[in-house]
Amino acid sequence: MKVLFLNGPNLNLLGTREPEVYGQTTLADIEADVRKRASRFQVEVDFRQSNLEGDLVTWIQQAKGNVQAIVINAAAYTHTSVALRDAISAVAVPTIEIHLSNIHARETFRHKSLIAAVCIGQICGFGSKSYLLGLDAAIYVNESKK
Ligand code: DQA
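Predicted, not measured: the structure shown is a model, and the values here were computed from it.

Student: Talk me through empty space enclosed by the protein; I want residue IDs and the actual numbers.
Tutor: Here the idea is plain: a probe the size of a water molecule rolls over the atoms and shows the empty space left. If you walk through the whole model with that rule in mind, you get one cavity of 30 Å³ or more. In this model, the largest cavity occupies a volume close to 30 Å³. Lining the largest cavity are Ile30, Asp33, Val34, Ser128, Lys129, Tyr131 and Leu132. Looking at the lining of the largest cavity, the elements that each hand over two or more residues are α2 (27-40) and α5 (129-144). Here the residues of the lining of the largest cavity are counted per class, giving four nonpolar, one polar and two charged.

This is the structure in structure tokens:
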């Protein structure tokens, strides 16, 4: 099984970016944790980050036929991007939405996710562990298809 992890804008700054909200773990640390857990389950991981919406759209399009699941922290694009929603909907690769923070407990503009309705489900509020829960969800969804 192969899982594509996608990370949106400003997540490259994790570790120094608002640590009181997002913690002190860097994206590289998170990737290492994800790879470690994935190897226990013989899962191959592709882990990417971009500050550009178009990159994320292109990577979602390319996922079709190449990965069994997508785990996405779309960051701020979660709340704004019809393009990401349409890409997820178009490729129909099972997709899990994740966030470090609990977006529902923050500013009202973060309560709405434009991608939630085209994802299998949403995991938020568990800090960097949201990524590991996202991996587990991807494995679960893939297993339940068999
Ligand atoms: C985030 C939450 C978003 O609202 C925010 O724009 C981010 C990070 C999270 O992981 O908690 O950049 O996706």
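This is not the end of the story, as more comes after the structure.
Student: With reference to specific residues and values, describe the side chain of Asn73.
Tutor: When you line up the elements, Asn73 lands in strand β3 (residues 69-73). Within the structure, Asn73 has its side chain in polar contact with the side chain of Tyr131 (distance 3.3 Å). Those residues in contact with Asn73, other than ones at most four positions away along the chain, are Leu6, Asn7, Gly8, Leu11, Ile98, His99, Leu100 and Tyr131.

Student: So what's going on with the site of the ligand? Residues and values would help.
Tutor: As a structural note, the neighbourhood of the ligand is formed by Arg17, Tyr22, Asn73, Ala75, Ala76, His79, His99, Leu100, Ser101, Ile103, Arg106 and Arg110. In the environment of the ligand, an oxygen atom lies 2.8 Å from a nitrogen or oxygen atom belonging to the side chain of His99. Here an oxygen atom of the ligand and a backbone polar atom of Leu100 are 2.8 Å apart. The protein chains hide 98% of the 320 Å² of surface that the ligand would expose on its own. Taking a 2 Å distance to the grid points as the criterion, the majority of the atoms of the ligand fall inside the largest pocket. Among the residues forming the shell around the ligand, the class breakdown is five nonpolar, four polar and three charged.

Student: Tell me about the pattern of salt bridges, and please be specific about residues and values.
Tutor: If you walk through the whole model with that rule in mind, you get six salt bridges. Taking the shortest distance from any N to any O, the salt bridge between Asp46 and Arg48 comes out at 2.9 Å. Among the charged side chains, a salt-bridge network with shared partners connects Arg106, Glu107 and Arg110.

Parameters and conventions
- Within any chain, residue numbers begin from 1 and follow the written order of that chain's sequence.
- Only residues with pLDDT of at least 70 get local features here, since the model is predicted, and only at 80 or more are side-chain atom pairs given and counted; chain-wide, interface and lining totals rely on the full set of residues.
- The side-chain figures draw on all heavy atoms in the structure; neither hydrogens nor water molecules are used.
- Of the two site types, the cavity is a set of points on a 1 Å grid over the protein atoms alone where a 1.4 Å probe fits but cannot get out, and the pocket is an open set with protein on both sides within 12 Å along at least five of seven lines, each lined by residues with an atom within 4 Å of a point.
- Grid points are joined across faces, edges and corners, and a volume is the space filled by probe spheres set on the points.
- Helical segments are the DSSP runs of H or I of at least four residues, strand segments are the runs of E of at least two, and each set is numbered from the N terminus.
- Lys, Arg, Asp and Glu make up the charged group, whereas Ala, Val, Leu, Ile, Met, Phe, Trp, Tyr, Cys and Pro make up the nonpolar group; the residues left over, Gly among them, are polar.
- Counting of polar contacts relies on pairs of N or O atoms within 3.5 Å, with two restrictions inside protein: one atom must be capable of donating a hydrogen and the other of accepting it, and residues adjacent in sequence are counted only when both atoms are side-chain atoms.
- What makes two residues a contact is simply this: any of their non-hydrogen atoms within 4.5 Å.
- We call a residue near a given molecule or strand whenever any one of its heavy atoms falls within 4 Å of it.
- Each accessible area is a Shrake-Rupley result for a 1.4 Å probe, and residues are judged covered by the shown protein chains and nothing else.
- A cavity or pocket is said to hold a molecule if more than half of that molecule's atoms lie within 2 Å of its grid points.
- Any carboxyl oxygen of Asp or Glu that lies within 4 Å of a side-chain nitrogen of Lys or Arg is treated as forming a salt bridge with it.

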